[in-house]
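Descriptive analysis of the structure
Below are the chains, spelled out letter by letter.
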Amino acid sequence: MSEMKISLQFEGEKLLEAADISFDENVAKLSFILNSGLEISSISCNENPVPITVESIYEPLFCAEVKKYSVTCGAGFSRVKICCGGRISGWHNVITEDIIELNRYGVWFPCGLSQSADISAEISGCGEYFLVKGKPDGRLWRYSAGEWDMNLILYRKSVLKTASGKHISIYYADGSLNGAAEFSKNVFEDVLDYYTKELFQRGYDKHTEMACLYPALTSGGAYKRDGLIVCISPGTDEKEAVTVNAHELAHEWCSGADCVSWEDWLNETTAEWSMLLYCLDRGKTDIFDAMIGEHLAKAPGLPPIKTADDSRPEGVHTKGTVLFYELFKAFGAKTIKSIIKIFIGLDIKTTERLLEEMGNQGLSEAAAALEKGLAEI
C-alpha cells in the first residue's frame, strides 16, 4: 500500500507541512486537492523539483475552497514531496493558542489523491499540547487514520480539562463547562445503555472521546468519526446534551448511505429519530416536542429529499425527520423503530433497499407512505 507521511508544525495561526508520498510502483501523473489558503512552496518527484499545474478551483460539498493540482513526469515517479503552508479555513477548522482543530473539511493536507495511500502525521513543536486520539513520542505527537478520519484536535495542557466515564472521555478547555461536562458524561452513558439494550440491541466495545471546542469556536454544530465526537460544547442544558450525545452516538449504527447524495437522508434521519425515540422512552417529551417543533418550522422552506440528479439537497436532516414524523403519527413508534433496525441491518444502504426490505417485513403500507413523502414533504 502506498503511504503519505505528513510532518506538521504550527507558527501562530499558520500551519507548515511537508507531505511525503511513496507509491508501491511508478506513476506518471498525480492529482490532489488542497485548501486554497495553503500555498505550495515546493514539490519534487523522486527528489527532483517539478512544475505543478492548477487544474481548477472549486468548493467541494461540505469543504473549504480548494485548488486541484496535478503533477506529471513522463518517466514516472515513485515518490512525491509536497511542502506548503498558510492559514486554514473550513467548517470546524481553527488554530488558536489553546485549541487547534484540523479536519478533512478544511482539506489541510493533500486529499483526493488519484493514487490511494495510507496516511500518518507527525506533529512537532507541540510538547505542551495534548492530541486527542494521538500517540506521544517524546516531544512529537503521531496520528494515523483514513482520509476522512484525519482529525487533529490539540489542547494546551495547561487549560485542558477532562470528564471521564466508563465509555466516554470529554475534553474541554473552559472551566465554565465543568458542570456541563459531568452532566453530559452521564447522558452519554444513559443513551448508550438505551441503544445497546433497547433500540439497537447491539454491543458497543469502544471508548468514545468527545472534543469540545469552546471558546475557540462558538457555533458550528457537531460531527461523528470513529470513536470520536467533535462539538462546540458538551451541552449547556439538558436539551443540548441529549441532542448532541444521542444523535452523534447513533451514527455508530446509523451510517453507511452515500453522504454526498440525497441518500444521506437515511443516515441523518435514522440518527435523529434514534435520539427522539430515546427522549420518548426516557420520558423527555419536552425535548422531543421542542426538536420536532424546530424541524417542522424549518421544513417548508427546504426542497424535497429526493433529487433528479442524485445530488444532496439542503436540509435532508430536517426533511427526513419530518417525513418520519408523519410515519410516526400514522403508524406509531414501533414502526419507526422497525424501520431504523431494518436500515442498520442492510448490506447496501440505499432507499431502494430500505423500501424493499420494509415490504419483506410486513411494512408495505409504511413503505408506500415513505416513498411518496420523499418527493412531496
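Please refer to the structure higher up on the page.
What this report covers is the structure whose coordinates are included nearby. (Residues numbered from 1 in each chain as written. Predicted model: local features only at pLDDT ≥ 70, side-chain atom pairs only at ≥ 80, totals over all residues. Heavy atoms only, no water.)

**Digging into a negative patch on the surface**
Put simply, the rule reads: Patch definition: residues above 30% relative accessible area lacking any salt bridge, with like charges linked at up to 9 Å and the nonpolar side chains Val, Leu, Ile, Met, Phe, Trp and Tyr linked at up to 5 Å. Accessible areas in this description were obtained via Shrake-Rupley with a 1.4 Å probe; residue shielding takes into account the shown protein chains only. Think of a salt bridge as a Lys or Arg side-chain nitrogen and an Asp or Glu carboxyl oxygen that are within 4 Å of each other. Positive charge is attributed to Lys and Arg, negative charge to Asp and Glu, and no charge count is given to His or to the chain ends. Charged groups are reduced to one reference atom each: NZ for lysine, CZ for arginine, CG for aspartic acid, CD for glutamic acid. By the criteria applied, helices consist of DSSP H or I runs no shorter than four residues and strands consist of E runs no shorter than two, each listed in order from the N terminus.
On the surface, E3, D24, E25 and D118 cluster together to form a negatively charged patch. By the secondary structure assignment, E3 is in strand 1 (residues 3-11).

**Overview of the side chain of S261**
Selection criterion: Residue exposure (1.4 Å probe, protein chains only): buried if accessible area is under 20% of the type maximum, exposed if over 50%, otherwise partly exposed. By the criterion applied in these results, polar contacts are pairs of N or O atoms within 3.5 Å in which, for protein atoms, one can donate a hydrogen and the other can accept it, and in which residues neighboring in sequence qualify only through two side-chain atoms. The contact criterion used throughout is that any non-hydrogen atoms of two residues lie within 4.5 Å.
Here S261 is to be found in the loop between helix 2 (238-250) and helix 3 (264-281). By relative accessible area, which is 7% here, S261 ends up buried. Side chain to side chain, S261 and D258 meet in a polar contact 3.4 Å long. Setting aside residues no more than four positions away along its own chain, S261 makes contact with D310, S311 and R312.

**Describing the sheet that holds strand 18 (residues 228-231)**
Definition in use: Here, any two strands with at least 2 DSSP bridges between them count as paired. Note on geometry: axes are lines fitted to C-alpha atoms, helical ones only across the stretch in contact, with angles between N-to-C directions running from 0 to 180 degrees.
If you walk across this open sheet you meet the 5 strands as 14-15-16-18-17, and the pairing is mixed. Only two strands of the sheet have a single partner each, and these edge strands are strand 14 (161-164) and strand 17 (223-225). Here the strands of the sheet are splayed against their neighbours by 20 degrees on average, with no regard to which way each runs. Where strand 17 meets strand 18, 3 bridges bridge the pair, whose relative direction is antiparallel. Residue pairing for strand 18: K224 is matched across the bridge by I229. Against the sheet, helix 1 (residues 178-199) contacts strand 14, strand 15 (168-172), strand 16 (208-212) and strand 18, and its axis sits at roughly 155 degrees relative to strand 15. Taken strand by strand, helix 2 contacts strand 15, strand 16, strand 17 and strand 18, and its axis lies near 140 degrees from that of strand 18.

**Here's the deal with the nonpolar core**
Burial of nonpolar side chains together is a common tendency in soluble globular proteins. We apply this condition: Among buried residues, those of type Ala, Val, Leu, Ile, Met, Phe, Trp, Tyr and Cys that are joined through side-chain atoms within 4.5 Å constitute a nonpolar core.
Judged by nonpolar contacts, the single largest core of 64 residues is most densely connected at Y195, W265, W273, F324, L354, M358 and L370. Considering each element in turn, this core owes the most residues, 9 residues, to helix 3. Setting aside residues up to four positions removed in sequence, L354 forms contacts with L266, I339, I342, F343, L346 and L370. Among the nonpolar cores identified, the runner-up in size contains 46 residues, and V27, C111, L152 and L154 belong to it.

**Digging into the packing of aromatic side chains**
For the record, the criterion: Paired rings are identified among Phe, Tyr and Trp, the last through its six-membered ring, by centres lying within 6.5 Å, and are further divided according to the angle between planes into stacked (under 30 degrees), edge-to-face (over 60) and tilted (the rest). Whether a charge sits over a ring comes down to the Lys NZ or Arg CZ being within 6 Å of the ring centre and within 35 degrees of the ring normal.
Following the criterion strictly, the structure yields 22 aromatic pairs and no others. Here Y105 and Y223 contribute two aromatic rings whose centre-to-centre distance is 5.7 Å and whose plane-to-plane angle is 85 degrees, an arrangement assigned as edge-to-face. Here Y105 is found in the loop between strand 8 (99-102) and strand 9 (118-123), whereas its partner Y223 is found in strand 17, with 118 residues between them in sequence. When its relative accessible area of 10% is taken as the criterion, Y105 is described as buried. Aromatic pair F288 and F328: ring centres 5.7 Å apart, planes at 55 degrees, arrangement tilted. In this pair, F288 sits in helix 4 (residues 285-298) while F328 sits in helix 5 (residues 316-331), placing the two residues 40 residues apart along the sequence. Look at F288 and you get buried, because its relative accessible area is 5%. Among the aromatic residues, ring-to-ring pairing joins Y194, Y195, F200, Y204, W253 and Y278 into one connected group. The lysine or arginine in question, K349, covers the ring of F343, its NZ or CZ lying 4.8 Å from the ring centre.

As far as function goes, none of this settles anything; it's purely spatial.
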